[in-house]
Amino acid sequence: MATLSIIVPCYNEQESLPYYFTAMEKLKPQLPLDFEYIFVNDGSRDQTLAYLRKLAIANPDSVHYISFSRNFGKEAGLYAGLQKATGDYITVMDADLQDPPELLIKMYQEIQDPEIDCVGTRRVTRAGEPKLRSFFARMFYRLINKIGQTEIIDGARDFRLMTRQMVDAILELTEYNRFSKGLFSWVGFKTKYLPYENVERVAGTTSWSFWKLFSYSIDGIVNFSDTPLNIASVIGALACLISIVSLVVIVIRTLLFGDPTSGWPSMVSVVLLLSGIQLLSLGIIGKYVGKIFLETKKRPQYIVKEDEKLYRQFKLGDQTKND
Ligand code: UDP
Ligand code: MG
(Lines give C-alpha, C1' and ligand atoms only; values in the text may rest on other atoms or scores of the structure.)
(Ligands and ions follow the chains in the order given, each with its own letter.)
Protein backbone atom coordinates (compact mmCIF):
# COMPACT_ATOMS: atom_id res chain seq x y z
CA MET A 1 0.00 0.00 0.00
CA ALA A 2 1.22 3.52 -0.78
CA THR A 3 1.93 5.88 2.08
CA LEU A 4 0.41 9.31 2.60
CA SER A 5 2.48 11.75 4.63
CA ILE A 6 0.32 14.30 6.41
CA ILE A 7 2.11 17.45 7.47
CA VAL A 8 0.39 19.51 10.14
CA PRO A 9 2.00 22.72 11.42
CA CYS A 10 0.70 23.44 14.92
CA TYR A 11 0.96 26.65 16.89
CA ASN A 12 -1.11 26.71 20.08
CA GLU A 13 -3.53 24.09 18.79
CA GLN A 14 -4.21 22.09 21.97
CA GLU A 15 -7.96 22.58 21.51
CA SER A 16 -8.19 21.73 17.82
CA LEU A 17 -5.75 18.82 17.67
CA PRO A 18 -8.01 16.19 19.29
CA TYR A 19 -10.83 17.07 16.86
CA TYR A 20 -8.39 17.00 13.99
CA PHE A 21 -6.90 13.64 14.82
CA THR A 22 -10.31 12.04 15.37
CA ALA A 23 -11.56 13.36 12.04
CA MET A 24 -8.51 12.04 10.23
CA GLU A 25 -8.68 8.61 11.81
CA LYS A 26 -12.33 8.41 10.80
CA LEU A 27 -11.29 9.12 7.24
CA LYS A 28 -8.53 6.52 7.16
CA PRO A 29 -10.63 3.45 6.18
CA GLN A 30 -11.94 5.32 3.15
CA LEU A 31 -8.49 5.73 1.59
CA PRO A 32 -6.27 2.89 0.32
CA LEU A 33 -3.26 4.54 1.96
CA ASP A 34 -1.08 4.12 5.01
CA PHE A 35 -1.01 7.30 7.06
CA GLU A 36 2.20 8.91 8.28
CA TYR A 37 1.40 11.97 10.41
CA ILE A 38 4.08 14.57 10.82
CA PHE A 39 3.02 17.19 13.35
CA VAL A 40 5.28 20.19 13.62
CA ASN A 41 5.01 21.98 16.94
CA ASP A 42 6.03 25.52 16.12
CA GLY A 43 7.01 26.68 19.61
CA SER A 44 3.49 26.50 21.06
CA ARG A 45 2.95 28.08 24.48
CA ASP A 46 0.10 25.78 25.42
CA GLN A 47 -0.17 22.02 25.90
CA THR A 48 0.23 21.16 22.20
CA LEU A 49 3.56 19.40 22.74
CA ALA A 50 2.22 17.34 25.64
CA TYR A 51 -0.68 16.22 23.45
CA LEU A 52 1.64 15.31 20.57
CA ARG A 53 3.86 13.25 22.90
CA LYS A 54 0.82 11.31 24.08
CA LEU A 55 -0.35 10.80 20.53
CA ALA A 56 3.05 9.57 19.37
CA ILE A 57 3.34 7.11 22.26
CA ALA A 58 -0.15 5.77 21.57
CA ASN A 59 0.43 5.48 17.80
CA PRO A 60 4.13 4.69 17.44
CA ASP A 61 3.84 3.55 13.82
CA SER A 62 1.90 6.38 12.32
CA VAL A 63 2.42 9.52 14.43
CA HIS A 64 5.65 11.49 14.25
CA TYR A 65 6.31 14.96 15.50
CA ILE A 66 8.98 17.62 15.41
CA SER A 67 9.09 20.29 18.07
CA PHE A 68 10.92 23.56 17.40
CA SER A 69 12.98 25.39 19.98
CA ARG A 70 10.78 28.48 19.48
CA ASN A 71 8.15 29.84 17.11
CA PHE A 72 9.70 29.91 13.64
CA GLY A 73 6.49 30.52 11.68
CA LYS A 74 4.25 28.32 9.58
CA GLU A 75 6.57 28.41 6.57
CA ALA A 76 9.42 26.88 8.56
CA GLY A 77 7.00 24.28 9.92
CA LEU A 78 5.93 23.28 6.43
CA TYR A 79 9.52 23.01 5.28
CA ALA A 80 10.50 20.84 8.24
CA GLY A 81 7.52 18.59 7.60
CA LEU A 82 8.28 18.22 3.91
CA GLN A 83 11.88 17.31 4.74
CA LYS A 84 10.80 14.61 7.15
CA ALA A 85 8.03 13.16 4.98
CA THR A 86 8.78 9.77 3.43
CA GLY A 87 5.42 9.06 1.78
CA ASP A 88 4.57 8.51 -1.86
CA TYR A 89 1.96 11.24 -1.54
CA ILE A 90 2.31 14.24 0.68
CA THR A 91 -0.41 16.52 2.00
CA VAL A 92 -0.18 19.72 3.99
CA MET A 93 -3.06 20.53 6.36
CA ASP A 94 -3.95 23.03 9.07
CA ALA A 95 -4.69 21.65 12.51
CA ASP A 96 -7.92 23.61 12.94
CA LEU A 97 -10.05 21.56 10.48
CA GLN A 98 -10.29 24.55 8.15
CA ASP A 99 -8.94 22.15 5.56
CA PRO A 100 -11.78 19.59 5.39
CA PRO A 101 -10.30 16.06 5.65
CA GLU A 102 -13.11 14.58 3.47
CA LEU A 103 -11.70 16.52 0.52
CA LEU A 104 -8.70 14.18 0.61
CA ILE A 105 -10.80 11.39 -0.92
CA LYS A 106 -11.61 13.50 -3.97
CA MET A 107 -8.02 14.77 -4.10
CA TYR A 108 -6.67 11.25 -4.06
CA GLN A 109 -8.96 10.25 -6.93
CA GLU A 110 -7.81 13.24 -8.97
CA ILE A 111 -4.11 12.62 -8.39
CA GLN A 112 -4.46 9.11 -9.82
CA ASP A 113 -4.47 10.83 -13.21
CA PRO A 114 -0.81 10.60 -14.29
CA GLU A 115 -1.08 14.05 -15.87
CA ILE A 116 -1.73 15.66 -12.49
CA ASP A 117 1.07 16.13 -9.95
CA CYS A 118 -0.75 18.16 -7.37
CA VAL A 119 -4.33 18.69 -6.29
CA GLY A 120 -4.79 21.99 -4.48
CA THR A 121 -7.79 23.55 -2.81
CA ARG A 122 -9.27 26.96 -3.37
CA ARG A 123 -11.74 28.75 -1.15
CA VAL A 124 -14.50 30.23 -3.25
CA THR A 125 -15.99 32.15 -0.34
CA ARG A 126 -14.43 33.97 2.54
CA ALA A 127 -17.53 33.82 4.74
CA GLY A 128 -16.75 34.25 8.41
CA GLU A 129 -13.68 36.35 7.75
CA PRO A 130 -13.52 40.06 8.62
CA LYS A 131 -14.65 42.16 5.62
CA LEU A 132 -11.54 44.36 5.67
CA ARG A 133 -9.27 41.32 5.62
CA SER A 134 -11.09 39.79 2.61
CA PHE A 135 -10.81 43.11 0.80
CA PHE A 136 -7.07 43.36 1.34
CA ALA A 137 -6.58 39.70 0.50
CA ARG A 138 -8.32 40.23 -2.81
CA MET A 139 -6.24 43.34 -3.55
CA PHE A 140 -3.08 41.43 -2.72
CA TYR A 141 -3.82 38.61 -5.16
CA ARG A 142 -4.71 41.06 -7.89
CA LEU A 143 -1.48 43.01 -7.32
CA ILE A 144 0.89 40.08 -7.05
CA ASN A 145 -0.49 38.45 -10.17
CA LYS A 146 -0.12 41.68 -12.08
CA ILE A 147 3.48 42.41 -11.07
CA GLY A 148 4.82 38.97 -10.17
CA GLN A 149 6.34 36.45 -12.52
CA THR A 150 4.75 33.51 -10.70
CA GLU A 151 1.01 32.93 -10.75
CA ILE A 152 -0.64 32.83 -7.34
CA ILE A 153 -4.24 31.70 -7.34
CA ASP A 154 -6.72 33.81 -5.35
CA GLY A 155 -8.06 31.87 -2.40
CA ALA A 156 -5.66 28.94 -2.89
CA ARG A 157 -4.89 27.33 0.46
CA ASP A 158 -1.71 25.58 1.45
CA PHE A 159 -3.89 22.45 1.74
CA ARG A 160 -2.82 20.26 -1.18
CA LEU A 161 -1.94 16.71 -2.10
CA MET A 162 1.36 16.33 -3.94
CA THR A 163 3.33 13.55 -5.51
CA ARG A 164 6.77 12.60 -4.21
CA GLN A 165 8.33 14.03 -7.35
CA MET A 166 6.88 17.48 -6.79
CA VAL A 167 7.87 17.56 -3.13
CA ASP A 168 11.44 16.61 -4.05
CA ALA A 169 11.44 19.60 -6.39
CA ILE A 170 10.19 21.91 -3.64
CA LEU A 171 12.85 20.62 -1.26
CA GLU A 172 15.51 21.68 -3.73
CA LEU A 173 14.51 25.28 -3.13
CA THR A 174 16.49 25.99 0.00
CA GLU A 175 15.91 29.74 0.22
CA TYR A 176 15.58 31.29 3.65
CA ASN A 177 12.66 33.59 2.85
CA ARG A 178 9.96 31.10 2.05
CA PHE A 179 6.58 32.00 0.60
CA SER A 180 5.09 28.56 0.03
CA LYS A 181 2.14 29.60 -2.10
CA GLY A 182 4.67 30.99 -4.56
CA LEU A 183 7.12 28.09 -4.29
CA PHE A 184 4.39 25.51 -4.98
CA SER A 185 3.58 27.39 -8.13
CA TRP A 186 7.17 28.20 -9.10
CA VAL A 187 8.26 24.54 -9.33
CA GLY A 188 5.69 24.05 -12.06
CA PHE A 189 4.07 20.62 -12.54
CA LYS A 190 0.36 20.36 -13.14
CA THR A 191 -1.91 21.47 -10.33
CA LYS A 192 -5.65 21.03 -10.31
CA TYR A 193 -7.68 23.15 -7.89
CA LEU A 194 -10.78 21.91 -6.12
CA PRO A 195 -13.10 24.72 -5.04
CA TYR A 196 -14.79 24.56 -1.64
CA GLU A 197 -16.68 26.78 0.78
CA ASN A 198 -14.77 28.41 3.60
CA VAL A 199 -14.92 26.56 6.93
CA GLU A 200 -14.34 28.30 10.24
CA ARG A 201 -11.77 26.92 12.66
CA VAL A 202 -13.09 24.24 15.00
CA ALA A 203 -11.49 25.63 18.19
CA GLY A 204 -8.86 28.09 19.36
CA THR A 205 -8.11 31.39 17.65
CA THR A 206 -6.20 32.37 14.56
CA SER A 207 -2.60 33.39 15.17
CA TRP A 208 -2.54 35.74 12.19
CA SER A 209 -3.18 39.35 13.07
CA PHE A 210 -3.92 41.86 10.35
CA TRP A 211 -0.35 43.21 10.46
CA LYS A 212 1.18 39.76 10.38
CA LEU A 213 -0.81 39.05 7.22
CA PHE A 214 0.12 42.44 5.79
CA SER A 215 3.84 41.87 6.23
CA TYR A 216 3.43 38.31 4.93
CA SER A 217 1.91 39.71 1.75
CA ILE A 218 4.78 42.21 1.39
CA ASP A 219 7.13 39.22 1.73
CA GLY A 220 5.20 37.45 -0.99
CA ILE A 221 5.61 40.39 -3.34
CA VAL A 222 9.29 40.99 -2.59
CA ASN A 223 10.10 37.29 -2.92
CA PHE A 224 8.42 36.81 -6.26
CA SER A 225 8.67 40.12 -8.06
CA ASP A 226 11.26 42.79 -8.81
CA THR A 227 8.63 45.15 -10.17
CA PRO A 228 8.75 47.48 -7.12
CA LEU A 229 12.43 48.10 -7.90
CA ASN A 230 11.60 48.89 -11.49
CA ILE A 231 8.79 51.21 -10.46
CA ALA A 232 11.27 53.10 -8.25
CA SER A 233 13.65 53.63 -11.15
CA VAL A 234 10.91 54.61 -13.59
CA ILE A 235 9.55 57.21 -11.16
CA GLY A 236 13.10 58.47 -10.60
CA ALA A 237 13.74 58.81 -14.33
CA LEU A 238 10.40 60.60 -14.86
CA ALA A 239 11.14 63.04 -12.05
CA CYS A 240 14.53 63.83 -13.60
CA LEU A 241 12.98 64.52 -16.96
CA ILE A 242 10.28 66.76 -15.56
CA SER A 243 12.75 68.76 -13.47
CA ILE A 244 15.12 69.30 -16.41
CA VAL A 245 12.27 70.57 -18.57
CA SER A 246 10.98 72.86 -15.83
CA LEU A 247 14.51 74.19 -15.13
CA VAL A 248 14.87 75.22 -18.74
CA VAL A 249 11.44 76.84 -18.69
CA ILE A 250 12.22 78.74 -15.46
CA VAL A 251 15.63 79.98 -16.66
CA ILE A 252 14.18 81.25 -19.91
CA ARG A 253 11.21 82.83 -18.14
CA THR A 254 13.48 84.62 -15.63
CA LEU A 255 15.74 85.91 -18.41
CA LEU A 256 12.78 87.24 -20.31
CA PHE A 257 10.52 88.53 -17.51
CA GLY A 258 12.70 88.91 -14.37
CA ASP A 259 10.76 88.35 -11.10
CA PRO A 260 13.37 86.14 -9.29
CA THR A 261 11.45 85.49 -6.04
CA SER A 262 8.23 84.03 -7.35
CA GLY A 263 7.67 80.29 -7.22
CA TRP A 264 8.77 79.69 -3.62
CA PRO A 265 5.82 77.55 -2.53
CA SER A 266 5.92 75.45 -5.66
CA MET A 267 9.67 74.91 -5.23
CA VAL A 268 9.24 73.75 -1.67
CA SER A 269 6.54 71.29 -2.69
CA VAL A 270 8.67 69.94 -5.51
CA VAL A 271 11.62 69.43 -3.15
CA LEU A 272 9.37 67.66 -0.65
CA LEU A 273 7.82 65.48 -3.32
CA LEU A 274 11.19 64.45 -4.69
CA SER A 275 12.71 63.69 -1.30
CA GLY A 276 9.60 61.67 -0.51
CA ILE A 277 10.05 59.63 -3.65
CA GLN A 278 13.72 59.15 -2.83
CA LEU A 279 12.97 57.87 0.65
CA LEU A 280 10.28 55.55 -0.68
CA SER A 281 12.66 54.14 -3.28
CA LEU A 282 15.35 53.70 -0.64
CA GLY A 283 12.81 51.85 1.47
CA ILE A 284 11.95 49.52 -1.41
CA ILE A 285 15.62 48.86 -2.11
CA GLY A 286 16.16 48.36 1.62
CA LYS A 287 13.48 45.66 1.67
CA TYR A 288 15.33 43.71 -1.01
CA VAL A 289 18.75 44.30 0.60
CA GLY A 290 17.30 43.04 3.88
CA LYS A 291 16.20 39.84 2.16
CA ILE A 292 19.66 39.40 0.65
CA PHE A 293 21.20 39.99 4.08
CA LEU A 294 19.11 37.23 5.67
CA GLU A 295 19.68 34.95 2.71
CA THR A 296 23.49 35.28 2.79
CA LYS A 297 23.69 34.43 6.49
CA LYS A 298 22.47 30.94 5.59
CA ARG A 299 20.88 30.42 8.97
CA PRO A 300 18.79 27.28 9.32
CA GLN A 301 15.03 27.73 8.82
CA TYR A 302 14.27 26.15 12.18
CA ILE A 303 15.90 24.45 15.13
CA VAL A 304 14.50 21.18 16.40
CA LYS A 305 14.42 20.71 20.14
CA GLU A 306 12.65 17.40 20.30
CA ASP A 307 11.03 14.73 18.19
CA GLU A 308 9.37 11.46 19.10
CA LYS A 309 12.63 9.50 18.96
CA LEU A 310 14.48 11.89 21.25
CA TYR A 311 11.53 11.92 23.61
CA ARG A 312 11.52 8.15 23.85
CA GLN A 313 15.27 7.97 24.40
CA PHE A 314 15.66 10.65 27.02
CA LYS A 315 12.36 10.79 28.83
CA LEU A 316 11.34 7.15 28.85
CA GLY A 317 14.72 5.40 28.77
CA ASP A 318 13.75 4.02 25.37
CA GLN A 319 11.40 1.34 26.66
CA THR A 320 10.08 0.90 23.15
CA LYS A 321 13.46 -0.28 21.83
CA ASN A 322 12.77 -3.87 22.74
CA ASP A 323 9.31 -4.25 21.39
N1 UDP B 1 0.77 28.01 12.47
C2 UDP B 1 2.09 27.68 12.73
N3 UDP B 1 2.96 28.66 13.14
C4 UDP B 1 2.57 29.96 13.29
C5 UDP B 1 1.22 30.29 12.98
C6 UDP B 1 0.34 29.29 12.58
O7 UDP B 1 2.49 26.52 12.61
O8 UDP B 1 3.40 30.79 13.67
C9 UDP B 1 -0.19 26.95 12.03
C10 UDP B 1 -1.47 26.84 12.86
O11 UDP B 1 -1.29 26.01 13.97
C12 UDP B 1 -2.44 26.25 11.86
C13 UDP B 1 -1.96 26.84 10.54
O14 UDP B 1 -0.61 27.25 10.74
O15 UDP B 1 -2.37 24.83 11.80
C16 UDP B 1 -2.81 28.00 10.08
O17 UDP B 1 -2.89 28.96 11.10
P18 UDP B 1 -4.24 29.70 11.49
O19 UDP B 1 -5.39 28.75 11.49
O20 UDP B 1 -3.99 30.47 12.73
O21 UDP B 1 -4.38 30.70 10.26
P22 UDP B 1 -5.68 31.04 9.41
O23 UDP B 1 -6.35 29.74 9.08
O24 UDP B 1 -6.50 31.91 10.28
O25 UDP B 1 -5.14 31.72 8.21
MG1 MG C 1 -6.92 28.36 10.33
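Our subject is the structure that appears above.
What you see is a predicted model, and the numbers here were worked out from it, not measured in a lab.

Analysis parameters
- Residues numbered from 1 in each chain as written.
- Chains lettered and ligands numbered in written order.
- Predicted model: local features only at pLDDT ≥ 70, side-chain atom pairs only at ≥ 80, totals over all residues.
- Heavy atoms only, no water.
- Axes fitted to C-alpha atoms, helices over the stretch in contact; angles between N-to-C directions.
- Helix = DSSP H or I, 4+ residues; strand = E, 2+ residues; numbered from the N terminus.
- Parallel < 35°, antiparallel > 145°, perpendicular 65-115°, else oblique.
- Left-handed = near helix turned anticlockwise from the far one by under 90°.
- Contact = heavy atoms within 4.5 Å.
- Nonpolar A, V, L, I, M, F, W, Y, C, P; charged D, E, K, R; others polar.
- Salt bridge = Lys/Arg side-chain N within 4 Å of Asp/Glu carboxyl O.
- Buried < 20%, exposed > 50% of the residue type's maximum accessible area, 1.4 Å probe, protein only.

Student: Help me understand the packing of helix H3 (residues 74–84) against helix H6 (residues 164–171) in this model?
Tutor: It is the contact of H3 with H6, at a shortest axis distance of 10 Å, that shows an interaxial angle of 125°. Accordingly, the angle class assigned to the pair H3 and H6 is oblique. H3 and H6 meet at a crossing whose hand is left-handed. Contacts between H3 and H6 involve Tyr79, Leu82 and Gln83 from the former and Arg164, Val167, Ile170 and Leu171 from the latter. Considering only residue class, the contact of H3 with H6 consists of 5 nonpolar, 1 polar and 1 charged.

Student: Before we go on, may I ask you to explain the pattern of salt bridges in this structure?
Tutor: When charged atoms on two side chains of opposite charge get close, those side chains can pair. Scanning the model with the defined rule gives 13 salt bridges in all. A salt bridge links Glu308 to Lys84, with the nearest nitrogen and oxygen atoms 3.9 Å apart. With Glu308 in helix H11 (residues 308–315) and Lys84 in helix H3, this pair connects stretches of sequence that are 224 residues apart. By relative accessible area, which is 4% here, Glu308 ends up buried. We classify Lys84 as partly exposed; its relative accessible area is 23%. Each member of the salt-bridge network shares a partner with another, and the members are Lys74, Asp94, Asp99, Arg157, Asp158 and Lys181.

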